[in-house]
Amino acid sequence: MLRLPRFILLLAFGSLSLAACSQDEAPSQSPAKIEISEAWARETPQGAPNAALYLTIANEGDIDDRLLSVATDLAAHAGIHSTSEEDGMMRMRSVEALRIPARETISLAPGALHIMLMGLEKPLVKGDEISINLIFEESGEQMIRIPVLGMGERP
Ligand SMILES: [Cu+2]
């Protein structure tokens, strides 16, 4: 009498894991597919240590992706920043990894999320085109070209 409940439990468990398996094998999900658009930067004054880059990241796949890091030889460091207002002051914070949910679009724009170049090798000059590499967890590395706009300009 004591063994019966355990046997039933095992049976139930076995069919549960079978169900999970067949769901995993469903071929309906497309992988994360990242499209970058509307990338731009603003020229920097001579001697300015940092620059902000803006762009739109769309995930056209069915699986979430994450922007893990930014690689460039334009500056000593590059990273993702968020901006928020605290006690009337705009503050930037480092974002460890930026989630790009499936079928969603994330905009990096002035006063909000941006990519920050810290320790610029040389100023960004209006009319130049710079390039950086974005490294995504699911979809890998993507090189993007970014036009440099003039002071006060927006695309
Ligand atoms: Cu910043």
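These lines cover the structure that appears in this document, whether it is placed above or below. Please read these numbers as outputs of a predicted model, since none were measured by experiment. (Residues numbered from 1 in each chain as written. Predicted model: local features only at pLDDT ≥ 70, side-chain atom pairs only at ≥ 80, totals over all residues. Heavy atoms only, no water.)

As a further point, take the pairing of strand 3 (residues 65–71). For a regular strand, side chains alternate in direction, first toward one face of the sheet and then toward the other. As paired strands, strand 3 and strand 6 (residues 98–100) are joined by 3 bridges and run antiparallel to one another. Note that in strand 6 the partner of D65 across the bridge is I100. Two elements, strand 3 and strand 9 (residues 129–136), share 4 bridges in a ladder whose sense is antiparallel. Counterpart to L67 in the pairing with strand 9 is F136. (Pairing = 2+ DSSP bridges. Helix = DSSP H or I, 4+ residues; strand = E, 2+ residues; numbered from the N terminus.)

Another point: the coordination of the copper ion. Protein-derived ligands of the copper ion are H81 (ND1), M92 (SD), H114 (NE2) and M116 (SD), with the metal-ligand distances lying across 2.0 to 2.3 Å. In this structure, the copper ion is surrounded by 4 donor atoms whose angles at the metal cover 91 to 117°, and the resulting shape is tetrahedral. Along the chain, the residues donating to the copper ion fall in the pattern H-x10-M-x21-H-x1-M. Taken as a pair, M92 in strand 5 (residues 89–95) and M116 in strand 8 (residues 114–120) lie far apart in primary sequence, 24 residues in all. Owing to a relative accessible area of 45%, M92 belongs among the partly exposed residues under this scheme. Since its relative accessible area comes to 8%, M116 is described here as buried. (Donors = N, O, S within 2.8 Å, 3.2 Å for Na, K, Ca; no water. Tetrahedral: all angles 85-135°; square planar, octahedral: opposite > 155°, others 65-115°. Buried < 20%, exposed > 50% of the residue type's maximum accessible area, 1.4 Å probe, protein only.)

A separate point is the pattern of salt bridges. Inspection of every chain in the model, using the stated rule, returns 8 salt bridges. Among the salt bridges present, the one from E35 reaches K33, with a minimum N-O distance of 3.0 Å. The salt bridge involving E137 is made with R66; its shortest N-O contact spans 3.0 Å. Of this pair, E137 sits in the loop between strand 9 and strand 10 (140–149) while R66 sits in strand 3, placing them 71 residues apart in sequence. Ionic contacts of the salt-bridge type, sharing partners, join the residues K33, E35 and E60 into one network. (Salt bridge = Lys/Arg side-chain N within 4 Å of Asp/Glu carboxyl O.)

Moving on, we come to the environment of P123. Within the element layout of this structure, P123 appears in the loop between strand 8 and strand 9. The exposure class assigned to P123 is partly exposed, which follows from its relative accessible area of 25%. Separated by 49 residues in the primary sequence, P123 and L74 place their C-alpha atoms 9.2 Å from one another. Dropping the residues within four chain positions of it, P123 is found in contact with T44, P45 and Q46. (Contact = heavy atoms within 4.5 Å.)

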